[in-house]
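A look at the structure
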Amino acid sequence: MVKVNDNYLKLPGSYLFSAIAKKVNAYTAANPDKKIIRLGIGDVTQPIAPALIKALHDAVDEMGSAETFHGYAPDLGYGFLREAIAAGDYEARGCKIEADEIFISDGAKCDCGNIQEIFSEDAVIAVCDPVYPVYVDSNVMAGRTGEYDEKTGKWSRVIYMPCTAENQFVPELPEETPDLIYLCVPNNPTGTTLTRDQLKVWVDYANRTGAVILYDAAYEAYIAEPSVPHSIFEIDGARTCAIEFRSFSKNAGFTGVRLGFTVIPKELVRGGVMLHSLWARRHGTKFNGAPYIVQKAGEAVYSPEGRAQLKEQVAYYMRNAKVIYEGLKEIGCEVYGGVNAPYIWLLVPGGMTSWEFFDCLLNEAGVVGTPGSGFGPSGEGYFRLTAFGTYENTVEAVERMKNMVSLRK
Ligand code: PLP
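Residues numbered from 1 in each chain as written. Predicted model: local features only at pLDDT ≥ 70, side-chain atom pairs only at ≥ 80, totals over all residues.

Focus on the packing of helix α3 (residues 50–63) against helix α11 (residues 304–330)
Put simply, the rule reads: Axis definition: a line fitted to C-alpha atoms, limited for helices to the stretch in contact. Angles are taken between N-to-C directions and run from 0 to 180 degrees. Working definition: helices are DSSP H or I runs of at least four residues, strands are E runs of at least two. Numbering for both runs from the N terminus. Between 65 and 115 degrees an angle is taken as roughly perpendicular, under 35 as roughly parallel, over 145 as roughly antiparallel, and anywhere else as oblique. With C-beta atoms placed from the backbone, a contact is any residue pair whose C-beta atoms sit within 7 Å. Residues were grouped as follows: Ala, Val, Leu, Ile, Met, Phe, Trp, Tyr, Cys and Pro as nonpolar; Asp, Glu, Lys and Arg as charged; and all remaining residues, including Gly, as polar.
For the pair α3 and α11, the least separation of the axes is 7 Å and the interaxial angle reads 135°. On the basis of their axis angle, the class for α3 and α11 is oblique. On the side of α3, the interface is formed by P50, A51 and L52, while α11 contributes E305, G306 and Q309. Split by residue class, the contact of α3 with α11 holds 3 nonpolar, 2 polar and 1 charged.

Next up, the structure:
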């Protein structure tokens, strides 16, 4: 009889968001007349910007005529999009990235989850704690992470780099040297970032040790402070140690449209092999290209109209972030993030656990957030709120939180 990949069986419990959905459904069933405000899942709510919709429509029309029809896209992406990205995201920021170092995909989640395939089975990974769960889970599935300890919430072969208020959410260089270092900047869930100087420490470390940095910049569009780099390739030395992941989900509202890309510089070589070649081989074998119409919409992100409209959209969400951040500060809460990211990270008051606070917020205020413990053991005692709701709902949610007895000191 065939054997299943039993690494999958090692994955603990139900996925964070299904656990949340169950609790919310139970609450709604018991309180059918109460309006719930969801500041939990990191999905956007604003519609796709007009310049992008126009590009989509035009591309759809092209597909309806034999002269302009497009079949399979090139595996690695259309040149028009790769060139727009190279110019708009990299050259404009003084980074040396060529169009053919960019691999177009249908989103950053697949790329961040799949990249581990090009590394050896015994590679040791290091992750910030807390962080986006995909990095650890995809390595669990590949059998790289050892055994799970339910008590500590940790895997035996994963290096956890705690990022908490005690170290200002800046990971420290680990004692044991990892092979792969996942960095998510701005971080999901804490909304915190690294400055150029702080990131330079990691680039130098990776070059010194031979590790590779897997840099997830899905929230790059939200960076407001000039000290925070928009790309790891703004840092000297990154071309020989880093892979960067980008998404169109949070800057252009493409969570349901699907588009992303990965950058692998040709100078990134390990064991005499260009990682660019391995990823090209993998991408070409297992991926058949992002849709033409979506890549055309992606190109419009870099047009003057597209840029202006998306800047407004990011500003809309960041106004929400400010409402949450300042509202919670006003009632004496300890809050982080929210300045360079659409996430607000709250220290749970009164010594409650993250899940206890989740229940409290749902039952007392009808507001849904995300328990910090779902993002790693060091997330316990924290809570994530997102700025992706509508402005009106966000204002109402904050008013409700201000009235919560358990939040008032
Ligand atoms: N990376 C991080 C850190 C995220 O938080 C998310 C989505 O929430 C993604 C990647 C996924 O992006 P995409 O929608 O492009 O797959």
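Remarks on the nonpolar core
Defined as follows: A set of buried residues qualifies as a nonpolar core if it consists of Ala, Val, Leu, Ile, Met, Phe, Trp, Tyr and Cys joined through C-beta atoms within 7 Å. Whether a residue is buried, exposed or partly exposed follows from its count of other C-beta atoms within 10 Å of its own C-beta, namely 20 or more, 12 or fewer, or something in between, respectively; the C-beta atoms are built from the backbone. Either an automatic procedure or a domain database provided the assignment from which the domain bounds are taken.
V127, I181, Y182, I213, Y215 and I243 are the most contacted members of the largest nonpolar core, which has 124 residues in total. It is α11 that contributes the most residues to this core, 9 residues altogether. Each of two domains, domain 1 (7–47 + 307–407) and domain 2 (52–304), supplies a minimum of three residues to this core. Discounting residues that sit within four places of it in the chain, Y215 has contacts with L183, V185, I232, A242, I243, E244 and F245.

A few points about the UniProt feature "binding site: substrate" (unreviewed entry) in the protein chain
Heads up, the rule is: UniProt positions are given in the numbering used here, feature names are shortened, and annotations may be inferred rather than shown by experiment.
UniProt records the feature "binding site: substrate" (unreviewed entry) at Y15, G42, K109, Y132, N188, N288 and R384, using the numbering of this structure. When you line up the elements, K109 lands in helix α5 (residues 108–114).

So, the sheet that holds strand β2 (residues 102–105)
Sheets are built from strands that pair by backbone hydrogen bonding, the pairs being arranged parallel or antiparallel. This is how it is decided: Two strands qualify as a pair provided DSSP detects at least 2 bridges between them.
Pairing is mixed in the open sheet, where 7 strands are placed in the order β2-β10-β9-β8-β7-β3-β6. Every other strand in the sheet has two partners, leaving β2 and β6 (158–162) as the edge strands with one partner each. Neighbour to neighbour, the strand axes of the sheet diverge by 20° on average, direction disregarded. Looking at chain direction, strand β9 (residues 242–247) and strand β10 (residues 260–263) are connected through 4 bridges and run antiparallel. Bridge pairing in β10 places S247 opposite G260.

So, the UniProt feature "binding site: pyridoxal 5'-phosphate" (unreviewed entry) in the protein chain
As annotated in UniProt, the feature "binding site: pyridoxal 5'-phosphate" (unreviewed entry) corresponds to Y72, A108, K109, Y132, N188, Y219, S247, F248, S249, R258 and N288 in the numbering used here. What stands out for the annotated residues spanning 217 residues is how far apart their C-alpha atoms range, the widest pair being 33.6 Å apart. In this structure, F248 sits in the loop between β9 and α8 (249–252). Tracing the backbone through its elements, the reader meets R258 in the loop between α8 and β10. Those residues in contact with R258 that sit more than four places away from it in its chain are D106, G107, A290 and V294.

Comments concerning the domain arrangement of the protein chain
Domain annotation of the protein chain identifies domain 1 (7–47 + 307–407) and domain 2 (52–304). Between the C-alpha centres of domain 1 and domain 2 the distance comes to 25 Å. Taken together, the elements giving at least two residues each to the side of domain 1 that touches domain 2 come down to α1 (7–10), α11, β13 (335–337) and β14 (343–347). No other element matches α11, which puts 6 residues into the side of domain 1 that touches domain 2. Looking at side-chain class alone, the side of domain 1 that touches domain 2 contains 19 nonpolar, 12 polar and 5 charged residues.

Overview of the site of the ligand
Heads up, the rule is: Only the C-beta atom, placed from the backbone, is used; a residue is near a molecule or strand if that atom lies within 6 Å of it.
The immediate surroundings of the ligand are formed by 14 residues, with G107, K109, A218, S247 and S249 found nearest. Per-element tally for the shell around the ligand: the top contributor is α5, with 3 residues. For the shell around the ligand, the residue count by class is 5 nonpolar, 7 polar and 2 charged.

Digging into the sheet that holds strand β16 (residues 370–371)
Here 4 strands make up an open sheet; going across it, the order is β13-β14-β17-β16 and the pairing antiparallel. The open sheet has two free edges, formed respectively by β13 and β16, since each of these has just one partner strand. With 2 bridges connecting them, β16 and strand β17 (residues 382–386) associate as antiparallel partners. Residue T370 lies in a different strand from β17, and its bridge partner there is R384.

Concerning the packing of helix α4 (residues 79–90) against helix α10 (residues 292–300)
The cut-off we apply is this: The sense of a crossing depends on the near helix, which, turned anticlockwise from the far helix by less than a right angle, makes the crossing left-handed and, turned clockwise, makes it right-handed.
Two elements in contact, α4 and α10, have axes whose closest approach is 9 Å; the angle formed by their N-to-C orientations is 25°. Between α4 and α10, the crossing angle belongs to the class labelled roughly parallel. Two packed elements cross with a definite hand, and for α4 against α10 that hand is left-handed. Residues F80, L81 and A84 of α4 touch α10, and the partners they reach there are Q295, G298 and E299.

Structural notes on unusual backbone geometry
Residue P130 is reached from D129 by a cis peptide bond, and omega for that bond is 10°. Relative to the helices and strands, P130 is located in the loop between β3 (125–129) and α6 (134–141). In this structure, the amide linkage connecting V185 to the following residue, P186, adopts the cis form with an omega of -5°. Positionally, P186 belongs in the loop between β7 (180–184) and α7 (196–209). Here Q168, not a glycine, exhibits a phi torsion of approximately 55°, which is positive. One can find Q168 in the loop between β6 and β7. Non-glycine residue R258 carries a positive phi angle of around 80°.

With respect to the environment of K35
Inspection of the secondary structure puts K35 in the loop between α2 (16–30) and β1 (37–38). A tally of 10 C-beta atoms within 10 Å means that K35 is categorised as exposed. Along the chain, K35 and A365 lie 330 residues apart, while their C-alpha atoms are 9.6 Å from each other.

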